[in-house]
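# Structural overview for review
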Amino acid sequence: MTHICDDFAYGNGPRAACFWNGTANSPARMPANGQIHADVAIIGAGFTGLSAALRLSKAGYKVVVLDSRSVGWGASGRNGGFCCIGGAKASDTQLRRMVGPQAARDYRLAERDAVYFTQDLIAQHGFDVDAQFGGETVLAHRQKDYEAFHDEAQSLSELYDVDVSVIPPDDLGKHGMSGPFYGAMNIPIGFGLNPRKYVLQLATAAESAGARIFESSGVRSIEKVGHNWKLCTPNAQIESPKVVVATNGYSSETVPKWMAGRYLPTQSSVIVTRPLSPEELAEQGWSTHQLAYDTRNLLHYFRLLPNGRFLFGMRGGLSTTSKTHDAVQSLIRQDFETMFPKWAHVETPWYWTGFVCLSRNLTPFAGPIPEHAGMYAGFGYHGNGVAMGSYSGALVADQIMGDTGLRLPKVMQIPPRKFPFGQKRRALMYPAYVAYNFKDR
Ligand SMILES: Cc1cc2nc3c(=O)[nH]c(=O)nc-3n(C[C@H](O)[C@H](O)[C@H](O)COP(=O)(O)OP(=O)(O)OC[C@H]3O[C@@H](n4cnc5c(N)ncnc54)[C@H](O)[C@@H]3O)c2cc1C
């Protein structure tokens, strides 16, 4: 496997102090061993791979899931738990230019459908994920962003068929969201969850439906043998006519070679506080459990967890070394204290980072890999893969089964182009971050 970032990023260092680690136990699963035959072999045991596995297994397919590490080891077990609208970084104008107005709208509706799909999946299976409902709230970090909310709220209300509301600055306190903000907009779609609990229960449900999940089973090569694909792990050869690549930000340039240059892993970083007392919450004026984020391009995202702890996240560093990992911890702490000054004394014992995945088109992909008959992929959620990863897995499963039950937008069927600069493509992040910083002023 050829990775494009430092080894540190693919090890346990970045996730060692992840708050979610201690919230749910997972049984260790055996590595794949010997000769294995399957109808579908899935690479990656995160939301995408497991959602596909569950849907296919329930339909009677013989499914094998392989993960280099363990269930939820990637971004799925260490994210912010925002099950919200999103998946593309492309603007509406870019989407319209790409596919025209109708298909652009269809994609935006798929982002909404992804949240409802995930909510239904959780409810149907009775997963206990510590869900917190109330939708998502965008907080304006500038006056002009607040002014734009009024038109935006109207068009989002029409698009999603819900009541999107604008909260004036003077009312933020009443809503339990005091801070350096110029007003807010609430979209009543989405909910918070414990991502580790969700991904582990997704795995158990897929196993109950018949899927076999193997851990410590990194796929090192894929080649076509007759009508089948042959996947090699350290101790097994898996033959299957269909393969799903569900490796997102943890993808490599070689599994399969088609992925080379088509994904850009960038880090997201999170800290979590110790439990805050009711007095501390009151002092800062933050008591809402809504999913919240600011209007910056390089945004901050935050939410109050069920036990009174506060989760605060933002982008990661420009490099993926252990030194940068440590440096980002100070930066995130600084931003947390600036935004929530009354909590400057509050300890944040948990800090971790992980890979999100960008695509050159700035849109997610869920479909067949061109010129690789029987091979599919789902990736590129731009930091919003709780709902969109779950949905993409289901979309890929449906395409394998020839089913069209879910909305499959044209945008997500366009295979991502390659980024320039090959394996050095993370260099593109530097000018992008400078430009975003400038725009965010
Ligand atoms: C810190 C952080 C915060 C985030 N917050 C949010 C949020 O609040 N809301 C939201 O919607 N999204 C969030 N995201 C993004 C979201 O977590 C991801 O988009 C989503 O988890 C992607 O799921 P996935 O299954 O596609 O990939 P992953 O969960 O990353 O899984 C990929 C798996 O592939 C495995 N793998 C890779 N190569 C191989 C191989 N060759 N063989 C076998 N296995 C392999 C890896 O071990 C890994 O387990 C966040 C991400 C991070 C890192």
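Note that this is a predicted model, so its numbers are computed, not measured. Each chain carries its own residue numbering, running from 1 in the direction its sequence is written. For a predicted model such as this one, the threshold for reporting local features is a pLDDT of at least 70, and the threshold for listing and counting side-chain atom pairs is 80 or more; totals across whole chains, interfaces and linings nevertheless cover every residue. Side-chain metrics rest on all non-hydrogen atoms present in the structure, leaving aside hydrogens and water.

Throughout this document, a residue counts as near a molecule or strand when at least one of its heavy atoms sits within 4 Å of that molecule or strand. Close contacts around the ligand come from 37 residues, with Thr-48, Asp-67, Ser-76, Phe-82 and Val-219 the closest. Between the ligand and the protein, one listed contact pairs a nitrogen atom with a backbone N or O atom of Phe-82 at 2.9 Å. Tyr-250 is positioned such that a nitrogen or oxygen atom in its backbone is 3.5 Å from a nitrogen atom of the ligand. In this description, accessible areas are obtained by the Shrake-Rupley approach with a 1.4 Å probe, and a residue is regarded as covered only by the protein chains that are shown. Expressed as a share of its isolated accessible area of 1,000 Å², the protein-covered part of the ligand is 98%. Going along the chain from the N terminus, every DSSP run of H or I of four or more residues is numbered as a helix, and every run of E of two or more is numbered as a strand. For the shell around the ligand, the secondary-structure elements that each account for two or more residues are helix H1 (47-58), strand S15 (264-272), strand S19 (350-358) and helix H8 (385-401). Here the shell around the ligand gets 3 residues from one element, more than from any other, and that element is S19. Under this definition, polar contacts are N or O atom pairs within 3.5 Å; protein pairs additionally need one hydrogen-donor-capable and one acceptor-capable atom, and for neighbouring residues in sequence, both atoms have to be side-chain atoms.

Between Lys or Arg on one side and Asp or Glu on the other, a salt bridge is scored when a side-chain nitrogen of the former is within 4 Å of a carboxyl oxygen of the latter. Applying the stated criterion across every chain yields a total of 17 salt bridges. Across the pair Arg-29 and Glu-215 runs a salt bridge, and its minimum N-O distance is 3.5 Å. Taken together, the residues Arg-29 in the segment before strand S1 (34-37) and Glu-215 in the loop between strand S10 (212-214) and strand S11 (221-225) connect sequence positions 186 residues apart. A single burial state applies to Arg-29 and to Glu-215, both of which are buried. Look at the salt bridges and you will find they share partners, linking Asp-106, Arg-112, Asp-113 and Arg-407 into a network. Only protein chains enter the calculation, and the probe is 1.4 Å; a residue is then buried if its accessible area is under 20% of its type maximum, exposed if over 50%, and partly exposed in between.

With that settled, consider helix H4 (residues 143-160). In this scheme, a helix's expected span is set at 1.5 Å multiplied by one less than its residue total. For H4, with 18 residues, the first-to-last C-alpha span of 25 Å sits near the 26 Å given by 1.5 Å per residue. Here the bend at a residue means the angle between the axes of two seven-residue stretches, the one that ends at it and the one that starts at it. A maximum bend of about 35° is found in H4 at His-150. Residues Asp-145, Tyr-146, Phe-149, Ala-153, Leu-156, Ser-157, Leu-159 and Tyr-160 constitute the buried set of H4. By definition, residues are in contact when any of their heavy atoms lie within 4.5 Å. Buried residues along H4 sit against helix H3 (101-125), strand S6 (136-139), strand S7 (165-167) and strand S8 (184-187).

Here the focus is the nonpolar core. Among buried residues, the Ala, Val, Leu, Ile, Met, Phe, Trp, Tyr and Cys ones that are joined through side-chain atoms within 4.5 Å form a nonpolar core. The biggest cluster of nonpolar side chains holds 85 residues, and the ones touching the most others in it are Ile-42, Leu-50, Tyr-160, Tyr-198 and Leu-311. Among the elements that make up this core, the one with the highest residue count is H3 (10 residues). Leave out the neighbours within four places in its chain, and Tyr-160 touches Ile-85, Arg-108, Leu-109, Glu-111, Arg-112, Ile-187 and Ile-189. The next biggest cluster of nonpolar side chains, apart from the first, holds 33 residues, and it includes Ile-36, Val-219, Phe-365 and Ala-377.

Take the sheet that holds strand S4 (residues 82-83) next. When DSSP finds two or more bridges between a pair of strands, those strands are recorded as paired. Judged by pairing direction, the sheet is antiparallel, and its 3 strands sit side by side in the order S4-S9-S5 without closing on themselves. Two strands in the sheet have a free side with no partner beyond their single neighbour: S4 and strand S5 (132-133). Pairing between S5 and strand S9 (residues 191-192): 2 bridges, direction antiparallel. Its bridge partner being in S9, Phe-133 is matched across the sheet by Phe-191.

Turning our attention to the UniProt feature "domain: FAD dependent oxidoreductase" (unreviewed entry) in the chain. UniProt positions are given in the numbering used here, feature names are shortened, and annotations may be inferred rather than shown by experiment. In this numbering, the UniProt entry assigns the feature "domain: FAD dependent oxidoreductase" (unreviewed entry) to residues 39-398. Secondary structure over residues 39-398 splits into 32% helix and 25% strand, and the C-alpha atoms at its two ends are 14 Å apart.

Let us now look at the side chain of Gln-267. Positionally, Gln-267 belongs in strand S15. A polar contact of 3.1 Å, which involves the side chain of Gln-267, links it to the side chain of Arg-426. Ignoring anything within four residues of it in the chain, the contact list for Gln-267 reads Arg-315, Gly-316, Gly-317, Ser-319, Thr-320, Gly-354, Phe-355, Arg-426 and Met-429.

On to helix H5 (residues 195-208), then. Helical periodicity: at 3.6 residues per turn, an α-helix aligns residues three or four positions apart in one direction. Over its 14 residues, H5 extends 20 Å from the first C-alpha to the last, a length consistent with the 20 Å expected when each residue adds 1.5 Å. Counting buried residues in H5 gives 10 out of 14 residues, a clear majority hidden from the surface. Listed in full, the buried residues belonging to H5 are Pro-195, Arg-196, Lys-197, Tyr-198, Val-199, Leu-200, Leu-202, Ala-203, Ala-205 and Ala-206. Among the structural elements, H1, H3, S10 and H8 are those in contact with the buried residues of H5. Its side-chain oxygen 3.0 Å from the backbone nitrogen of Arg-196, Asn-194 forms the N-cap of H5. One or two steps after H5, the chain reaches Gly-210, where phi turns positive at roughly 120°.

To continue, consider the packing of aromatic side chains. A pair of Phe, Tyr and Trp rings is counted when the ring centres sit within 6.5 Å of each other, with Trp represented by its six-membered ring. The angle between the planes then sorts it: under 30 degrees is stacked, over 60 is edge-to-face, the rest tilted. Within the structure shown, the criterion is met by 31 aromatic pairs. Between Phe-310 and Phe-340, the ring centres sit 5.0 Å apart and the planes meet at 70°, which makes this aromatic pair edge-to-face. Here Phe-340 lies in the loop between helix H7 (322-339) and S19 and Phe-310 lies in strand S18 (residues 310-315), a separation of 30 residues in the sequence. We note that Phe-310, like Phe-340, is buried.

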